[in-house]
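Here is how the chains run, residue by residue.
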Amino acid sequence: EAGVAQSPRYKIIEKRQSVAFWCNPISGHATLYWYQQILGQGPKLLIQFQNNGVVDDSQLPKDRFSAERLKGVDSTLKIQPAKLEDSAVYLCASSLDHRFYDNEQFFGPGTRLTVL
Amino acid sequence: AQTVTQSQPEMSVQEAETVTLSCTYDTSESNYYLFWYKQPPSRQMILVIRQEAYKQQNATENRFSVNFQKAAKSFSLKISDSQLGDTAMYFCASGPSGGGADGLTFGKGTHLIIQP
(Lines give C-alpha, C1' and ligand atoms only; values in the text may rest on other atoms or scores of the structure.)
Protein backbone atom coordinates (compact mmCIF):
# COMPACT_ATOMS: atom_id res chain seq x y z
CA GLU A 1 0.00 0.00 0.00
CA ALA A 2 1.47 3.37 -1.03
CA GLY A 3 1.89 5.88 1.78
CA VAL A 4 1.09 9.58 1.95
CA ALA A 5 2.97 11.43 -0.78
CA GLN A 6 4.15 15.03 -0.47
CA SER A 7 6.03 17.35 -2.78
CA PRO A 8 8.34 19.08 -2.92
CA ARG A 9 10.56 17.66 -0.17
CA TYR A 10 12.47 20.93 0.18
CA LYS A 11 11.71 24.53 -0.73
CA ILE A 12 13.68 27.73 -0.21
CA ILE A 13 12.03 31.09 -0.87
CA GLU A 14 12.49 34.76 -0.06
CA LYS A 15 10.15 36.41 2.42
CA ARG A 16 7.02 37.88 0.85
CA GLN A 17 7.07 35.27 -1.91
CA SER A 18 4.33 32.66 -2.25
CA VAL A 19 4.72 28.90 -2.04
CA ALA A 20 2.49 25.84 -2.42
CA PHE A 21 2.76 22.32 -1.08
CA TRP A 22 1.01 19.27 -2.44
CA CYS A 23 -0.24 16.17 -0.65
CA ASN A 24 -1.71 12.94 -1.98
CA PRO A 25 -3.21 10.82 0.83
CA ILE A 26 -3.40 7.07 1.01
CA SER A 27 -5.96 5.78 -1.48
CA GLY A 28 -9.41 5.64 0.04
CA HIS A 29 -8.63 7.85 3.00
CA ALA A 30 -11.40 10.40 3.50
CA THR A 31 -9.73 12.54 6.16
CA LEU A 32 -6.68 14.69 5.50
CA TYR A 33 -4.65 16.86 7.88
CA TRP A 34 -1.97 19.50 7.47
CA TYR A 35 0.45 20.09 10.36
CA GLN A 36 3.22 22.66 10.81
CA GLN A 37 6.35 21.52 12.67
CA ILE A 38 8.72 24.30 13.65
CA LEU A 39 12.26 23.21 14.51
CA GLY A 40 12.46 21.88 18.05
CA GLN A 41 8.69 21.57 18.49
CA GLY A 42 6.00 19.02 17.92
CA PRO A 43 3.65 19.29 14.97
CA LYS A 44 0.74 21.70 15.23
CA LEU A 45 -2.52 21.12 13.37
CA LEU A 46 -3.30 23.71 10.71
CA ILE A 47 -6.38 22.25 9.02
CA GLN A 48 -8.43 19.05 8.81
CA PHE A 49 -10.53 18.00 5.81
CA GLN A 50 -13.22 15.36 5.52
CA ASN A 51 -13.48 14.64 1.80
CA ASN A 52 -13.63 18.13 0.29
CA GLY A 53 -15.06 19.87 3.35
CA VAL A 54 -13.22 21.60 6.20
CA VAL A 55 -13.67 20.02 9.65
CA ASP A 56 -11.30 22.27 11.60
CA ASP A 57 -9.24 25.28 10.50
CA SER A 58 -9.20 27.12 13.81
CA GLN A 59 -5.38 27.25 13.93
CA LEU A 60 -4.82 28.20 10.29
CA PRO A 61 -3.49 31.78 9.91
CA LYS A 62 -6.06 32.67 7.32
CA ASP A 63 -4.53 36.04 6.43
CA ARG A 64 -1.68 34.25 4.66
CA PHE A 65 -2.40 30.51 4.62
CA SER A 66 -4.99 28.76 2.48
CA ALA A 67 -5.71 25.12 1.76
CA GLU A 68 -8.02 23.24 -0.53
CA ARG A 69 -9.05 19.70 -1.33
CA LEU A 70 -11.37 20.35 -4.22
CA LYS A 71 -12.04 16.78 -5.38
CA GLY A 72 -11.71 15.20 -1.96
CA VAL A 73 -8.45 13.44 -2.79
CA ASP A 74 -5.20 15.40 -3.02
CA SER A 75 -4.72 18.71 -1.28
CA THR A 76 -2.71 21.91 -1.66
CA LEU A 77 -1.51 24.20 1.12
CA LYS A 78 -0.46 27.71 0.12
CA ILE A 79 1.34 30.51 1.90
CA GLN A 80 1.12 34.02 0.48
CA PRO A 81 3.08 36.09 1.40
CA ALA A 82 5.59 34.03 3.38
CA LYS A 83 7.24 35.33 6.54
CA LEU A 84 10.48 34.27 8.19
CA GLU A 85 8.53 32.52 10.97
CA ASP A 86 6.88 30.23 8.42
CA SER A 87 10.14 28.29 8.13
CA ALA A 88 9.12 24.80 9.23
CA VAL A 89 8.35 21.29 8.08
CA TYR A 90 4.83 20.94 6.72
CA LEU A 91 3.43 17.47 7.34
CA CYS A 92 0.42 15.97 5.67
CA ALA A 93 -1.43 13.05 7.25
CA SER A 94 -4.46 11.02 6.28
CA SER A 95 -6.84 8.63 7.98
CA LEU A 96 -9.51 6.27 6.74
CA ASP A 97 -12.40 8.27 8.17
CA HIS A 98 -12.17 10.51 11.26
CA ARG A 99 -15.68 9.56 12.28
CA PHE A 100 -14.52 6.08 13.31
CA TYR A 101 -13.21 5.87 16.85
CA ASP A 102 -10.17 3.73 16.14
CA ASN A 103 -8.89 5.99 13.41
CA GLU A 104 -5.14 6.17 12.87
CA GLN A 105 -3.32 9.02 11.15
CA PHE A 106 -0.61 8.14 8.64
CA PHE A 107 1.99 10.80 7.97
CA GLY A 108 3.87 11.77 4.84
CA PRO A 109 7.58 12.62 4.75
CA GLY A 110 6.94 16.36 4.97
CA THR A 111 8.11 19.43 3.08
CA ARG A 112 10.88 21.46 4.66
CA LEU A 113 10.35 25.17 3.95
CA THR A 114 13.09 27.73 4.49
CA VAL A 115 12.15 31.41 4.24
CA LEU A 116 15.11 33.76 3.80
CA ALA B 1 -8.29 22.58 24.71
CA GLN B 2 -5.50 20.08 25.05
CA THR B 3 -1.89 20.37 26.18
CA VAL B 4 0.86 17.75 26.14
CA THR B 5 4.08 18.13 28.11
CA GLN B 6 7.28 16.14 27.64
CA SER B 7 9.80 17.20 30.26
CA GLN B 8 12.82 15.27 28.94
CA PRO B 9 14.37 17.04 25.92
CA GLU B 10 16.98 14.30 25.48
CA MET B 11 17.78 10.88 26.89
CA SER B 12 20.66 8.52 26.20
CA VAL B 13 20.92 4.84 27.14
CA GLN B 14 23.05 1.87 26.20
CA GLU B 15 21.83 -0.68 23.72
CA ALA B 16 19.71 -3.46 25.31
CA GLU B 17 18.78 -1.28 28.29
CA THR B 18 15.24 -0.30 29.21
CA VAL B 19 14.25 3.35 28.94
CA THR B 20 11.11 5.22 29.97
CA LEU B 21 9.95 8.44 28.34
CA SER B 22 7.59 10.68 30.31
CA CYS B 23 4.50 12.51 29.16
CA THR B 24 1.75 14.41 30.93
CA TYR B 25 -1.33 15.83 29.31
CA ASP B 26 -4.39 17.87 30.01
CA THR B 27 -7.64 17.71 28.11
CA SER B 28 -11.23 18.85 28.40
CA GLU B 29 -12.39 15.94 26.26
CA SER B 30 -14.28 13.11 27.91
CA ASN B 31 -13.24 10.62 25.25
CA TYR B 32 -9.77 10.73 23.80
CA TYR B 33 -6.79 8.79 22.54
CA LEU B 34 -3.13 9.02 23.52
CA PHE B 35 -0.29 8.22 21.16
CA TRP B 36 3.45 7.85 20.99
CA TYR B 37 5.00 8.66 17.59
CA LYS B 38 8.58 8.09 16.50
CA GLN B 39 10.23 10.54 14.11
CA PRO B 40 13.63 9.45 12.76
CA PRO B 41 15.90 11.88 10.87
CA SER B 42 13.98 11.06 7.69
CA ARG B 43 11.08 13.05 9.29
CA GLN B 44 8.47 10.34 8.68
CA MET B 45 6.22 10.18 11.74
CA ILE B 46 5.60 6.55 12.66
CA LEU B 47 2.97 5.44 15.16
CA VAL B 48 4.58 3.44 17.97
CA ILE B 49 1.64 2.76 20.24
CA ARG B 50 -1.88 3.97 20.95
CA GLN B 51 -4.03 3.99 24.08
CA GLU B 52 -7.76 4.56 24.28
CA ALA B 53 -8.47 6.57 27.40
CA TYR B 54 -11.53 4.55 28.39
CA LYS B 55 -9.48 1.34 28.50
CA GLN B 56 -7.77 0.69 31.83
CA GLN B 57 -5.41 -1.94 30.45
CA ASN B 58 -2.07 -0.54 29.32
CA ALA B 59 -1.30 -0.97 25.63
CA THR B 60 1.71 -3.03 24.54
CA GLU B 61 3.37 -3.53 21.15
CA ASN B 62 6.28 -5.95 21.26
CA ARG B 63 9.12 -4.09 23.06
CA PHE B 64 6.99 -0.99 23.61
CA SER B 65 4.53 -0.55 26.44
CA VAL B 66 2.82 2.34 28.16
CA ASN B 67 1.99 3.21 31.75
CA PHE B 68 -1.30 5.07 31.54
CA GLN B 69 -2.38 6.80 34.75
CA LYS B 70 -5.64 8.52 33.88
CA ALA B 71 -6.19 10.27 37.18
CA ALA B 72 -2.68 11.68 37.12
CA LYS B 73 -2.96 12.44 33.38
CA SER B 74 0.30 10.64 32.80
CA PHE B 75 1.23 8.51 29.78
CA SER B 76 4.80 7.19 29.79
CA LEU B 77 6.43 4.98 27.17
CA LYS B 78 8.72 2.10 28.13
CA ILE B 79 11.10 0.65 25.57
CA SER B 80 12.58 -2.68 26.55
CA ASP B 81 15.75 -4.20 25.08
CA SER B 82 16.50 -0.93 23.28
CA GLN B 83 18.06 -1.16 19.83
CA LEU B 84 20.19 1.23 17.78
CA GLY B 85 17.25 1.69 15.41
CA ASP B 86 15.20 3.14 18.26
CA THR B 87 17.28 6.32 18.06
CA ALA B 88 14.83 9.06 17.07
CA MET B 89 12.62 11.88 18.33
CA TYR B 90 9.63 10.56 20.24
CA PHE B 91 6.46 12.60 20.45
CA CYS B 92 3.58 12.10 22.81
CA ALA B 93 0.22 13.22 21.42
CA SER B 94 -3.43 13.33 22.36
CA GLY B 95 -6.54 13.56 20.24
CA PRO B 96 -10.26 13.50 20.84
CA SER B 97 -12.41 10.61 19.77
CA GLY B 98 -16.08 10.75 18.99
CA GLY B 99 -16.15 11.58 15.32
CA GLY B 100 -15.59 15.32 15.39
CA ALA B 101 -12.44 17.33 14.77
CA ASP B 102 -9.62 15.05 15.87
CA GLY B 103 -6.38 16.75 14.99
CA LEU B 104 -3.60 15.70 17.33
CA THR B 105 -1.92 17.87 19.97
CA PHE B 106 1.76 17.02 20.28
CA GLY B 107 4.38 17.57 22.97
CA LYS B 108 7.77 19.07 22.14
CA GLY B 109 9.39 15.66 21.90
CA THR B 110 12.19 13.69 23.52
CA HIS B 111 15.35 12.96 21.57
CA LEU B 112 16.27 9.37 22.41
CA ILE B 113 19.80 8.22 21.68
CA ILE B 114 20.71 4.54 21.90
CA GLN B 115 24.45 4.13 22.38
CA PRO B 116 26.21 0.99 21.06
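Just so you know, these numbers come straight off a predicted model, no measurement behind them.

### So, the packing of aromatic side chains
Throughout the structure, instances matching the rule amount to 14 aromatic pairs over all chains. Centroid distance Phe68 of chain B to Phe75 of chain B: 6.2 Å. Interplanar angle 80°. Geometry classified as edge-to-face. The rings of Tyr33, Tyr35 and Phe107 of chain A together with Tyr33, Phe35, Tyr37, Phe91 and Phe106 of chain B are connected pair by pair, giving a single aromatic cluster. Between Arg43 of chain B and the ring centre of Tyr10 of chain A, over which it is positioned, the NZ or CZ distance is 5.2 Å.

### Side note on the state of the cysteines
Following the criterion strictly, the structure yields two disulfides over all chains and no others. The disulfide that involves Cys23 of chain A links it to Cys92 of chain A, with 1.9 Å between the sulfurs. Taking the sign of the torsion about the S-S bond as the criterion, the disulfide between Cys23 of chain A and Cys92 of chain A, at about -70°, is left-handed. Here Cys23 of chain A, found in strand E3 (residues 19-24), pairs with Cys92 of chain A, found in strand E9 (residues 88-95); they are 69 residues apart in sequence, far enough to count as distant. A sulfur-sulfur distance of 2.0 Å marks the disulfide that ties Cys23 of chain B to Cys92 of chain B. Here the disulfide of Cys23 of chain B and Cys92 of chain B is left-handed, its torsion about the S-S bond being about -70°. Of the two residues, Cys23 of chain B sits in the loop between strand E3 (19-21) and strand E4 (24-27) while Cys92 of chain B sits in strand E10 (residues 88-96), which places them 69 residues apart along the sequence. Classification of Cys23 of chain B as buried rests on a relative accessible area of 2%. Assessed through its relative accessible area of 0%, Cys92 of chain B is described here as buried.

About the cut-offs
- Residues numbered from 1 in each chain as written.
- Chains lettered and ligands numbered in written order.
- Predicted model: local features only at pLDDT ≥ 70, side-chain atom pairs only at ≥ 80, totals over all residues.
- Heavy atoms only, no water.
- Phe/Tyr/Trp six-rings, centres within 6.5 Å; stacked < 30°, edge-to-face > 60°.
- Lys NZ or Arg CZ within 6 Å of the ring centre and 35° of its normal.
- Disulfide = S-S within 2.5 Å.
- Helix = DSSP H or I, 4+ residues; strand = E, 2+ residues; numbered from the N terminus.
- Buried < 20%, exposed > 50% of the residue type's maximum accessible area, 1.4 Å probe, protein only.

In short, the description is geometric, and any link to function would need to be established separately.
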